[in-house]
Amino acid sequence: MTSTRTAGGRPRARRLGAAALAALVAVVGVAALSGFHRELREIDPSGADAASELSGTVAQVGIRTFHAPDGIRIDEDLEYGVQDDGTLLTLDVCRPSQTAAVLAADDAGLLPAVVSIHGGSWARGDKANADWRNVCAWLASEGFVAASVNYRLVPDVRFPAAIDDVSLAVSWLREPEQLARFGIDPARIGAFGGSAGGNLAALLGARGEGALDSGARVAAVAEISGPVGLGSAELTADGASPWLRGIVAEYLGCEPDADADACPQATDASPATFADPSDPPFLVVHAESEVVPLAQSRRFAADLASAGVPVELAVSAGAEHSIGILDEAMRARVGAFLHEHLG
């Protein structure tokens, strides 16, 4: 791979005491939380904040079995927007090798693109940690222009900040400057995400109206292990753990309970709320015995199908989570799905 530090990227600001905080939360088993600053600064996922959701997995599983081929080009820390609170948002772009690009390009020489959304309980993670950088490189090896996105994190923001950010990233990719820069076909932009990123990818696909080739809409969604039913009824029916309930409450800024009026964010953050026949095709991936209940994905796939949305449900054996499921066989299935609907 070739890594290119592009003009416009700014040095990351380090928050005082981050190392001590990371050590403390590691002891108590709570994920470290990434910070952002009110002044114009980049999100700072330093130290443990940059850890993948697979950080506790020692074995070489899932995406860790992928080895990037030569020829992939990476443009780091491209600025895709500034939010009203002063947060500077960045993403990395992984571009296919010339060989992969030739195979994926259409008759006009344009390439499909995929927005890659990292996991981490909506509260940690980073576009460029080792596992999600590998996701970016894998998507590029398939011939996609992959945009690996950072977004604002809990506790400094709550819903809907993260989905607003990733929506902005899609709109940025469709700007004429970026289309020309990366050779992207604006009608062939998809989304991929795992864990909390799976929720955001699914919401990105379901939310919004109109044609799938404009604004923040996407033409296909592949999501893995997304907690996609955030209401009290869904969490209770699925036997959601106190851990899952806790991170959902932190993300929403309210506790989902039987009174939906007390936490309306739970409905708005659940992708099935917006499912309708105009939505893009979905691939929903989950493991049988993982930390997010399989019933979440089963119900979501059923809701999509009931709304007339083309959907595939892929259930993997075992208990791996998110991109821990993304082994060679699952990469082939996800890649085939994205090629079918973006190709």
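To be clear, the structure that these remarks concern was listed above.
Remember, predicted model here, so these are calculated numbers, not experimental data.

A. Just the pairing of strand β4 (residues 87–95), in detail. The element β4 is largely enclosed, with a buried count of nine among its nine residues. Burial along β4 is two-sided: T87, L89, L91, V93 and R95 facing one way and L88, T90, D92 and C94 facing the other are all buried. Hairpin connection, strand β3 (residues 73–82) to β4: the antiparallel pair is bridged by four residues, and G86 has positive phi, about 90 degrees. Pairing analysis gives four bridges linking β4 to strand β6 (residues 145–149), with the strands arranged antiparallel. Along β6, the bridge assignment pairs D92 with S148.

B. Broad picture of the pattern of salt bridges. For the structure on display, the rule yields 15 salt bridges. Measuring nitrogen to oxygen at the nearest pair gives 2.7 Å for the salt bridge that ties R133 to D92. Separated by 41 residues along the polypeptide, R133 in helix α3 (residues 130–141) and D92 in strand β4 bring together distant segments of the chain. For D92, a relative accessible area of 0% translates into the label buried. Taking the shortest distance from any N to any O, the salt bridge between D238 and R299 comes out at 2.6 Å. Here D238, found in the loop between α7 (232–237) and α8 (242–252), pairs with R299, found in helix α10 (residues 294–306); they are 61 residues apart in sequence, far enough to count as distant. A residue is classified by how much of its surface remains accessible, and D238, at 11% relative accessible area, is buried. On the basis of relative accessible area, R299 is assigned to the partly exposed category, the value being 26%. The structure contains a network of salt bridges with shared partners spanning E76, D77, D92, K127 and R133.

C. Fine view of the state of the cysteines. Evaluated as defined, the whole model comprises two disulfides. Here C94 pairs with C136 through a disulfide, and the sulfurs are 2.1 Å apart. The disulfide joining C94 to C136 has a torsion of about 120 degrees about its S-S bond and is therefore right-handed. Separated by 42 residues along the polypeptide, C94 in strand β4 and C136 in helix α3 bring together distant segments of the chain. A single burial state applies to C94 and to C136, both of which are buried. Across a sulfur-sulfur distance of 1.9 Å, C254 and C263 are joined as a disulfide pair. Taking the torsion about the S-S bond as the criterion, the C254 to C263 disulfide, at about 60 degrees, is right-handed. Cysteine pairing in the chain follows 1-2, 3-4, where each cysteine in a disulfide is numbered by its order in the sequence.

Conventions we followed
Residues numbered from 1 in each chain as written. Predicted model: local features only at pLDDT ≥ 70, side-chain atom pairs only at ≥ 80, totals over all residues. Heavy atoms only, no water. Buried < 20%, exposed > 50% of the residue type's maximum accessible area, 1.4 Å probe, protein only. Helix = DSSP H or I, 4+ residues; strand = E, 2+ residues; numbered from the N terminus. Pairing = 2+ DSSP bridges. Salt bridge = Lys/Arg side-chain N within 4 Å of Asp/Glu carboxyl O. Disulfide = S-S within 2.5 Å.

Note that all results are geometric; they support no functional claim without further evidence.
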